[in-house]
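# Close look at the chain arrangement
What follows is the residue order along each chain.
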Amino acid sequence: MRKLLLSLICMFACTALFAQKLEVTAGAYSGLFKYSGKSTASFSFMNSTVSPTMGTSSYTNNPYGNKIGFGYGVNGQAQLVGKSGFIVGMQTAYEQLKSKIHINQAFASFSNPVGVQYVMTLDANGSTALKNNIINLNPYFGHRIQFTKVKLDVLAGADIGFISSTHEKGVAHANDDRTYATDLDRTTIKKDIRIRFGLAASLNKLNLNASYAYGLSNYMGGYIGGSANDAHSQVIRIGLGYQIF
């Protein structure tokens, strides 16, 4: 990653010497996010403890869902465009990305005031989301193709996502007529590195952009037996931008 950053800095410096222009753009986008890897799943169950004195506490057994969740982001970017169409730039964004997993069971452990405890396996219907709050840096390079009125930028680079928090929130309605809910911190890593490819089509000062990024960082690497666990991020972003100058 350091080599990539150094290479992009060198490209930026070289492009600056022969640049045709500097472009600064602000925008917003929707983020479609999920986890991939052998430890991810489409379905999981909730573990819940019900106590007359402590109330109900729950967590999702496996919160790393391979179902797409919806998020959002806002960004600003600066790029240099050379006379040959070569592009080098940097985008900075704040984004909130969510994954999703369906809940089809609840394992509920009940206790009464005298300490008697029993466990029930319940059918349930619900879902859990993992919400990541991220400051993302996207150094990139690419090439511009000029059509009659539209400019098409073909881009490649990396995401360096600094994760401030990962939060689990879920609800499951069980067949005992209870609703079980989770709301807890699930932060495991602080940085997510991804390979990213994108396209941006511009007409006058407006652009429509889309990108795909695949994560190299393992969100389950810190788990006990982490070498056998595997959960990586995948992100599709679709957005609009406005060129400030």
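The rules behind these values
- Residues numbered from 1 in each chain as written.
- Predicted model: local features only at pLDDT ≥ 70, side-chain atom pairs only at ≥ 80, totals over all residues.
- Heavy atoms only, no water.
- Helix = DSSP H or I, 4+ residues; strand = E, 2+ residues; numbered from the N terminus.
- Buried < 20%, exposed > 50% of the residue type's maximum accessible area, 1.4 Å probe, protein only.
- Contact = heavy atoms within 4.5 Å.
- Areas by Shrake-Rupley, 256 points an atom, 1.4 Å probe, with all protein chains shown as cover.
- Core = buried A, V, L, I, M, F, W, Y, C linked by side-chain atoms within 4.5 Å.
- Polar contact = N/O pair within 3.5 Å; in protein donor to acceptor, adjacent residues only side chain to side chain.
- Phe/Tyr/Trp six-rings, centres within 6.5 Å; stacked < 30°, edge-to-face > 60°.
- Pairing = 2+ DSSP bridges.
- Patch = residues over 30% accessible without salt bridge, like charges linked within 9 Å, V, L, I, M, F, W, Y side chains within 5 Å.
- Salt bridge = Lys/Arg side-chain N within 4 Å of Asp/Glu carboxyl O.

### Regarding the overall build of the chain
The secondary structure content of the chain amounts to one helix and eleven strands. In the chain, the succession of helices and strands from N to C terminus is α-β-β-β-β-β-β-β-β-β-β-β. Relative to its full complement of 245 residues, the chain shows a buried share of 45%. Long-range contacts, defined here as pairs at least 24 residues apart, represent 72% of the contacts in the chain between residues at least 6 apart. Accessible area of the chain: about 12600 Å², with a carbon and sulfur share of 63%.

### Description of the nonpolar core
With 13 residues, the main nonpolar core has Phe-33, Tyr-35, Tyr-64 and Tyr-219 as its most contacted residues. Elements with a contribution of two residues or more to this core: strand 1 (19–36) and strand 6 (117–146). Once residues lying within four places of it in the same chain are set aside, the contact partners of Phe-33 are Lys-67, Ile-68, Gly-69, Leu-97, Lys-98, Ser-99, Asn-132, Arg-194, Tyr-219, Ser-233, Gln-234 and Val-235. Counting residues in hydrophobic clusters, the runner-up holds eleven residues, among them Ala-106, Ala-108, Phe-110 and Ala-172.

### Let's talk about the side chain of Thr-166
The residue Thr-166 is located in strand 7 (residues 150–174) in this model. A polar side-chain atom of Thr-166 sits 2.6 Å from a polar atom in the side chain of Asn-132. The contacts of Thr-166, once residues within four sequence positions are left out, are Leu-130, Lys-131, Asn-132, Asp-185, Arg-186 and Thr-187.

### Focus: the packing of aromatic side chains
Applying the stated criterion across every chain, the model contains four aromatic pairs. Here Tyr-35 and Tyr-219 contribute two aromatic rings whose centre-to-centre distance is 5.0 Å and whose plane-to-plane angle is 75°, an arrangement assigned as edge-to-face. In this pair, Tyr-35 sits in strand 1 while Tyr-219 sits in the loop between strand 10 (206–215) and strand 11 (232–243), placing the two residues 184 residues apart along the sequence. Residue classification places Tyr-219 among the buried residues on the basis of a relative accessible area of 1%. Relative to Phe-107, the ring of Phe-45 lies with its centre 4.5 Å away and its plane at 35°, an arrangement referred to as tilted.

### Notes on the pairing of strand 4 (residues 67–82)
Look at any regular strand and the pattern is simple: side chains alternate between the two faces of the sheet. Across twelve bridges, strand 4 lies against strand 5 (residues 86–111) in antiparallel orientation. Bridged to Gln-77 within strand 5 is Gln-91. A loop of three residues connects strand 4 with strand 5, the two strands running antiparallel in sequence, and Gly-85 in this loop sits at a positive phi of about 100°.

### Quick word on unusual backbone geometry
Positive phi values are uncommon outside glycine, yet Asp-177 reaches one of about 65°. Counting through the fold element by element, Asp-177 comes out in the loop between strand 7 and strand 8 (179–185). Residue Asn-204 is not a glycine yet carries a positive backbone phi of 55°. By the secondary structure assignment, Asn-204 is in the loop between strand 9 (191–203) and strand 10.

### Some points on a nonpolar patch on the surface
Taken together, the side chains of Ile-195, Phe-197, Leu-208, Tyr-212, Tyr-214, Leu-216, Ile-236, Ile-238 and Leu-240 make up a nonpolar region of the molecular surface, amounting to roughly 850 Å² of accessible area. For the nonpolar patch, the secondary-structure elements that each account for two or more residues are strand 9, strand 10 and strand 11. Mapped onto the elements of the fold, Leu-216 is located in the loop between strand 10 and strand 11. Judged by relative accessible area, Leu-216 falls into the partly exposed class, the value being 49%.

### Concerning the pattern of salt bridges
Overall, the coordinates contain eleven salt bridges when judged by the stated rule. The closest approach of N and O atoms between Arg-237 and Glu-95, which form a salt bridge, is 3.0 Å. Here the residue Arg-237 occupies a position in strand 11, and Glu-95 occupies one in strand 5, the gap between them amounting to 142 residues. The burial state of Arg-237 is the same as that of Glu-95; both residues are buried.

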